[in-house]
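Survey of secondary and tertiary structure
Chain residues, written in single-letter form:
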Amino acid sequence: MEYWENDGSPLLCFYHRHWPALLLLLLSLVLFFAGNSRLLITDPVESNYALTAREMLAAGDWLSPRIYGNFWYDKPWLFYGELLIAFRLFGVTSFAARFFPAVFATIGVLQTYWFAQKLYNRKVGFLSGLIMATSVEYFYLAKAVITDMTLFVTTTGSLMLFYVAKSENKSRLLYGAYALTGLALLTKGPVGLVLPGLIILAYLAGNRDFHTLTRMKLIRGSLLTLGIAALWYGPMIALHGTDFLTGFIGVHNILRATVSEHPRNNTWWYYFLIFLIGCFPWSLSLPWLWKKYGHILKERIKTRTFWKNLNDRQRFLFLWAFVTWFFFECMATKYPTYTLPYLPPLAIGLACAASRLDLQYWVKRTALAMALLFTVLSFVLAAPLCRQASGWDAARLVTARHVPGVPVYVYGGRYPVSFTYYSGIPAPRLVTRQRIRELRPNGISWKAKNMMPFAALEDLPDTGKVMVLVDRSSQKDFLQTVSGKWEKLGEGGRWTVWERK
């Protein structure tokens, strides 16, 4: 240690000061980029983002998201902007689509290290970064073509800057927090402002510290946040008016909060199960933590001294995790990735416990084992699973035999947007006329998400050459329902390709 500290080399001095961050950077780059070029775009979520960005790029319109030729108000602009930049830099490839999620995941690990070492020390910061990077959910989202990792970095970054600005009396950092909140609004809408705002208010209320509100530069900060958000929201309202407000605010925010999109997930234990799976292997420490601290926790709750016995940073971390869970627990729509923002306080808390009990050796060994496992699985398991969940094989089969003018349809199963992404063919979904009337977008309802083209079975000619993608589970029904002599061209993933001469 003394050798490094006394060495005159600027490079070695830099390494000595920042080696934990450099190691976390290297680990993140290996983990989050490994195998990305082999991970095909999957259905049902990734393909919506990828196809939207591809259509925006083809149309030369970098402002208005669109899918199947229709304007699409599912999410704000920032993540689509990331995809557009990546497609321009690297081409329309899987590596490009997964580039910025991996970049933001790396930033998330480093900012957690920075924040934890500010609160405690470099050892806790390093362990916190290791725990974050090697959690199942974090690793998955680092490679997923969805908005969650960008939202994670912007919302958690704003919370970190707020607390450091307050605790170290560095008010200028508040402008960074407000700027990140503006970017969060551009990533996923109002939740980017509401969630960190609720956490900060709960923290100040818990400490009865409302005086801090007067020192938070609320007016100038709010103008900065809204100014950044207005760069996209303003032109969208001007161009699309009530259609945008109804689709984005009405369907994808108010409806999502009040009417469940996935009713099967509406159970009290849903997010606890997500925690056990998403935070694996670190969620396995729960029994050990309970054994060490359970009796203290029960006693403090019994004597109503739980809050009083927490120091300021512990109060902030506790409310960060609790409010995040409670906020999404109150939302009608539950989704596995919603509670990701509570991972930094959980990782920091576990890192503190491991450091206090001198168990950092086991944390490092476990993190190394998980990092090796994840890297191997990226090639051995993730690649074939993505192919199975993608329409890539079906797209290859169709494009190899397709003749211009020959219609291509989809029958049964969940609509494969990735087929259009890879083939460029917007295949209509074959259903009855009655079913089309039921599925057509109509006002503020979940049907607004049905942007794919439709075709009525009753209007399909009895003769003539057509190609149909059929879900494997629907093949028998398809052959009984649709007239003609059909030849099976092949299959890939969940789909089989049939042709009528």
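Residues numbered from 1 in each chain as written. Predicted model: local features only at pLDDT ≥ 70, side-chain atom pairs only at ≥ 80, totals over all residues. Heavy atoms only, no water.

When its secondary structure is counted, the chain shows 21 helices and 8 strands. In terms of overall dimensions, the chain is globule-like: its C-alpha atoms have a radius of gyration of 25 Å, near the 23 Å expected for 501 residues. Taking the principal axes of the C-alpha coordinates as reference, the chain spans close to 80 × 50 × 50 Å. Split into buried and exposed, the 501 residues of the chain put 52% on the buried side. For the chain, restricting intrachain contacts to residue pairs at least 6 apart in sequence, the fraction spanning at least 24 positions comes to 74%. Surface exposure of the chain reaches about 23,400 Å², of which carbon and sulfur atoms provide 64%. When the 53 basic and 29 acidic side-chain charges of the chain are each reduced to a single mean position, those positions are 6 Å apart. (Helix = DSSP H or I, 4+ residues; strand = E, 2+ residues; numbered from the N terminus. Rg over C-alpha atoms; globule rule 2.2 N^0.38 Å. Buried < 20%, exposed > 50% of the residue type's maximum accessible area, 1.4 Å probe, protein only. Contact = heavy atoms within 4.5 Å. Areas by Shrake-Rupley, 256 points an atom, 1.4 Å probe, with all protein chains shown as cover. Lys, Arg positive; Asp, Glu negative; His and termini not counted. Charge placed at Lys NZ, Arg CZ, Asp CG, Glu CD.)

With respect to the secondary-structure elements, Gly490 resides in strand β7 (residues 486–492). Between the alpha carbons of Gly490 and Asp393 there is a distance of 9.1 Å; along the sequence they are 97 residues apart. Those residues in contact with Gly490 that lie beyond four places of it in its chain are Leu397, Thr496 and Val497.

Before going further, it helps to spend a moment on the pairing of strand β8 (residues 495–500). Side-chain positions along a regular strand alternate between the two faces of the sheet. Across the 6 residues that make up β8, a large majority, 6, are buried. Neither face of β8 is left uncovered, since the one carrying Trp495, Val497 and Glu499 and the one carrying Thr496, Trp498 and Arg500 both have all their residues buried. Of the pairings in the sheet, the one linking strand β6 (residues 466–471) to β8 comprises 6 bridges and is antiparallel in character. Across the sheet, the residue bridging to Val468 is Trp498, located in β8. Adjacent in sequence and paired antiparallel, β7 and β8 are bridged by 2 residues, among which Gly493 carries a positive phi angle near 65°. (Pairing = 2+ DSSP bridges.)

Where helix α3 (residues 46–59) contacts helix α4 (residues 78–90), the two axes come as close as 9 Å, and the packing angle between them is 65°. Between α3 and α4 lies a crossing whose hand is right-handed. Counting all contacts with α3, which are made through Tyr49, Ala50, Thr52, Ala53, Arg54, Met56 and Leu57, the residues of α4 involved are Phe79, Tyr80, Leu83, Leu84, Phe87 and Arg88. Along the lines of polarity and charge, the residues of the contact of α3 with α4 split into 10 nonpolar, 1 polar and 2 charged. (Axes fitted to C-alpha atoms, helices over the stretch in contact; angles between N-to-C directions. Left-handed = near helix turned anticlockwise from the far one by under 90°. Nonpolar A, V, L, I, M, F, W, Y, C, P; charged D, E, K, R; others polar.)

Side chains of Trp268, Trp269, Phe272, Leu273, Leu276, Ile277 and Leu286 sit close together on the surface and give an oily, nonpolar patch of about 730 Å² of accessible area. No other element matches helix α13 (residues 270–278), which puts 4 residues into the nonpolar patch. Of note, Leu276 is situated in helix α13. Look at Leu276 and you get partly exposed, because its relative accessible area is 32%. (Patch = residues over 30% accessible without salt bridge, like charges linked within 9 Å, V, L, I, M, F, W, Y side chains within 5 Å. Salt bridge = Lys/Arg side-chain N within 4 Å of Asp/Glu carboxyl O.)

In this section: the pattern of salt bridges. Opposite charge on two side chains permits them to pair, given that their charged atoms come into close proximity. In the structure shown here, the tally under the stated rule is 15 salt bridges. The salt bridge partner of Arg66 is Asp61, with a shortest N-O separation of 2.6 Å. Comparing Arg66 with Asp61 shows no difference in burial state: the two are buried. For Asp148, the salt bridge goes to Lys188, with nearest N and O atoms at 3.3 Å. A residue pair is termed long-range when its members are at least 10 positions apart, and Asp148 in helix α9 (residues 148–167) and Lys188 in helix α10 (residues 173–188) qualify at 40 residues. Residue Asp148 shares its accessibility class with Lys188, and that shared class is buried. Beyond isolated ion pairs, a larger network of salt bridges with shared partners links Lys118, Glu168 and Lys170.

In this model, helix α7 (residues 122–133) (12 residues) spans 16 Å end to end at C-alpha, consistent with the 16 Å of a helix rising 1.5 Å per residue. Counting buried positions over the 12 residues of α7 gives 10, a clear majority of the element. Taken together, the buried positions of α7 are occupied by Val124, Gly125, Phe126, Leu127, Ser128, Gly129, Leu130, Ile131, Met132 and Ala133. The elements touched by buried residues of α7 are α2 (10–33), α6 (99–119), α8 (136–143), α9, α16 (343–356) and α17 (360–388). Backbone nitrogen of Lys123 and a side-chain oxygen of the N-cap are separated by 3.1 Å at the start of α7; the cap is Asn121. (Expected span 1.5 Å × (residues − 1). Polar contact = N/O pair within 3.5 Å; in protein donor to acceptor, adjacent residues only side chain to side chain.)

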